[in-house]
Amino acid sequence: MSSTVSPLQPCLHPIYARLLCAALRQRGFDEVQILLGTGLDWAQLHSDNRSLSFAQAQRLVRRAVQLTDCPWLGLQVGCATQVSAHGPVGYAALACADLRGVLQVLERFSVLRLSSLRLTGYLEGERYCVRADEEFDLGDVREHILSTIAGTFLRLLEAVCGTLPVGELRFTFPFAEPPWGAHYRD
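Rules used in this analysis
Residues numbered from 1 in each chain as written. Predicted model: local features only at pLDDT ≥ 70, side-chain atom pairs only at ≥ 80, totals over all residues. Heavy atoms only, no water. Helix = DSSP H or I, 4+ residues; strand = E, 2+ residues; numbered from the N terminus. Rg over C-alpha atoms; globule rule 2.2 N^0.38 Å. Contact = heavy atoms within 4.5 Å. Areas by Shrake-Rupley, 256 points an atom, 1.4 Å probe, with all protein chains shown as cover. Pairing = 2+ DSSP bridges. Phe/Tyr/Trp six-rings, centres within 6.5 Å; stacked < 30°, edge-to-face > 60°. Buried < 20%, exposed > 50% of the residue type's maximum accessible area, 1.4 Å probe, protein only. Arc of directions from axis to C-beta. Polar contact = N/O pair within 3.5 Å; in protein donor to acceptor, adjacent residues only side chain to side chain. pLDDT = per-residue confidence, 0-100. Axes fitted to C-alpha atoms, helices over the stretch in contact; angles between N-to-C directions. Parallel < 35°, antiparallel > 145°, perpendicular 65-115°, else oblique. Left-handed = near helix turned anticlockwise from the far one by under 90°.

Side note on the overall build of the protein chain
Along the backbone of the protein chain there are nine helices and four strands. For a compact globule of 186 residues, the expected C-alpha radius of gyration is about 16 Å, and the protein chain comes in at 16 Å, within 12% of that figure. For the protein chain, the C-alpha atoms occupy an extent of roughly 50 × 35 × 30 Å along the three principal directions. A separation of at least 24 residues holds for 67% of the contacts in the protein chain among residues at least 6 apart in sequence. A total accessible area of about 10200 Å² is found for the protein chain, and carbon and sulfur atoms account for 53% of it.

Some thoughts on the pairing of strand β3 (residues 117–124)
Two elements, β3 and strand β4 (residues 127–134), share eight bridges in a ladder whose sense is antiparallel. In the sheet register, Gly121 faces β4, and the bridge partner there is Val130.

Things to note about the packing of aromatic side chains
Counted under the stated rule, the structure contains three aromatic pairs. Ring plane angle 70° and centroid distance 4.9 Å describe the contact between Phe54 and Phe136, whose orientation is recorded as edge-to-face. In this pair, Phe54 sits in helix α4 (residues 54–68) while Phe136 sits in the loop between β4 and α8 (142–161), placing the two residues 82 residues apart along the sequence. As far as the burial class goes, Phe54 and Phe136 line up, both buried. Ring-pair connections join several aromatic residues into one group, and the members of that group are Phe173, Phe175 and Tyr184.

Details of helix α6 (residues 87–94)
Within the sequence span of α6, burial applies to Gly87, Val89, Gly90 and Ala93. Down the axis of α6, the smallest arc covering the buried residues is 160°, so these residues share one side.

What to know about the environment of Arg62
Within the secondary structure layout, Arg62 lies in helix α4. Given a relative accessible area of 42%, Arg62 falls into the partly exposed group. In the structure, Arg62 is positioned 66 residues away from Tyr128 in sequence and 33 Å away in space, judged by C-alpha atoms. Non-local contacts of Arg62, meaning those with residues more than four positions away in its chain, are made with Asp140 and Val141. Side-chain polar atoms of Arg62 contact the side chain of Asp140, separated by 2.7 Å.

Let's talk about the confidence of the model for the protein chain
Interpretation of this model should avoid reading the predicted coordinates in detail wherever pLDDT is low. In the predicted model, the protein chain carries a mean pLDDT of 90, and the fraction of residues at 70 or more is 97%. Looking across the protein chain, the model is least confident in helix α7 (residues 99–109), with a mean pLDDT of 86, and most confident in helix α2 (residues 31–35), with 97.

Some details on the packing of helix α1 (residues 14–26) against α4
The N-to-C vectors of α1 and α4 enclose an angle of 15°; their axes lie 11 Å apart at closest approach. In this view, α1 runs roughly parallel relative to α4, as classed from their interaxial angle. Like other packed secondary-structure pairs, α1 and α4 cross with a definite hand, here left-handed. Of the residues in α4, those in contact with Ala17, Leu20, Cys21 and Leu24 of α1 are Leu60, Val61, Ala64 and Thr68.

See the structure below:
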């Protein structure tokens with residue numbers, strides 16, 4: 001982990017907080033319920049394009065999981081996110097000819113959307129791998145952030161490559177399989 005990056009620095013493009021809020025609204029929660037205790041302002045969050053700090057994002061994620069009692073919410077949000085939500089990074093991924101190209105675009109440019117992780121691509125035999133390393137300890141929102149990224153990657157890869165062959169794509173996480181692990185396998 002890097003000591004030059006702080007959880008108080010801007011690290012998350014606000015579109016991802018907005019997408020999480022939208023998922024909560026779809027579940028019937030109102031603005032007041034969603035933002036209670038987060039220190040965020042609804043109007044500002046939905047109009048300002050300044051990145052959120054990790055601390056702000058962490059409070060929102062904690063609140064979302066508390067409201068929904070759905071620890072795999074990040075995976076659902078990531079899988080439901082349209083490619084256009086990723087802005088220029090999403091469009092650059094769509095312009096790629098193959099899966100490896102998509103992964104390389106994400107590796108290179110994801111820092112524009114989320115700077116709390118560094119993605120590194122490498123070859124392992126004939127398989128291209130992407131590793132996500134935390135710039136600082138993501139703590140109790142690690143699962144949410146990593147599962148959101150996994151869902152986002154899956155969605156982008158399907159947009160470029162179509163249906164992905166079962167068994168050809170693998171995600172591994174730096175935590176033990178939780179009791180809700182079946183949601184990840186699905």
